[in-house]
Amino acid sequence: GLWAKIQAAHLDPKPIGELDEKEIEQLADLISEHVEPETPPYFKDGVLVFPFGAPAKLRWWERNMTDRERYEFFLRLGVPEDEMRKYMNQRSIDVAKGICDEAGRPNG
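Since the structure is predicted, the reported quantities are computational estimates derived from the model, not experimental observations.

Novice: What is the right way to look at the overall build of the chain in this model?
Specialist: When you go through the chain residue by residue, the secondary structure sums to four helices and two strands. Across the chain, helices and strands are ordered from the amino to the carboxyl terminus as α-α-β-β-α-α. For a compact globule of 108 residues, the expected C-alpha radius of gyration is about 13 Å, and the chain comes in at 22 Å, more than 25% above that figure. Its C-alpha atoms put the chain at 70 × 30 × 20 Å along the principal axes. For the chain, buried positions account for 29% of its 108 residues. Within the chain, contacts between residues at least 6 apart in sequence are counted, and of these 28% link residues at least 24 apart.

Written out as structure tokens, the structure reads:
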């Protein structure tokens, strides 16, 4: 676990204030391996930004999502429907809406 790694790096006997810069960076690296970062996506200048540290449940690019799931996901995050093309291609949007199938053939 984390504590064993801290001890193996010989960082445990020192108070934080006595660690040098290299030791602090080493400790931060060890902690980051064991902590789920919680930096949620946000809008900047009208663009949805996914920080590197976004929670795993929000990393859509690492999940196997259908077009419909991805479309609904972006809507839940607050992407306006008329700006969805910034995040998905038109055919994927049409598949998500049920307008066509995966091959682009119209449904109906």
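Novice: Looking at this model, I keep getting lost on the packing of aromatic side chains. Mind explaining?
Specialist: Each aromatic ring pair is summarised here by two numbers: the centre-to-centre distance and the angle between the ring planes. Enumeration according to the criterion identifies six aromatic pairs in this entry. Seen in terms of ring centroids, Phe-50 and Trp-61 are 5.5 Å apart; in terms of plane orientation they differ by 85°. Their pairing is edge-to-face. Here the residue Phe-50 occupies a position in the loop between β2 (47–49) and α3 (67–77), and Trp-61 occupies one in the loop between β2 and α3, the gap between them amounting to 11 residues. Centroid distance Trp-60 to Trp-61: 6.1 Å. Interplanar angle 90°. Geometry classified as edge-to-face. Ring-pair connections join several aromatic residues into one group, and the members of that group are Phe-50, Trp-60, Trp-61, Phe-73, Phe-74 and Tyr-87.

Conventions adopted
Residues numbered from 1 in each chain as written. Predicted model: local features only at pLDDT ≥ 70, side-chain atom pairs only at ≥ 80, totals over all residues. Heavy atoms only, no water. Helix = DSSP H or I, 4+ residues; strand = E, 2+ residues; numbered from the N terminus. Rg over C-alpha atoms; globule rule 2.2 N^0.38 Å. Buried < 20%, exposed > 50% of the residue type's maximum accessible area, 1.4 Å probe, protein only. Contact = heavy atoms within 4.5 Å. Phe/Tyr/Trp six-rings, centres within 6.5 Å; stacked < 30°, edge-to-face > 60°.

Distances and angles like these do not, on their own, reveal function.
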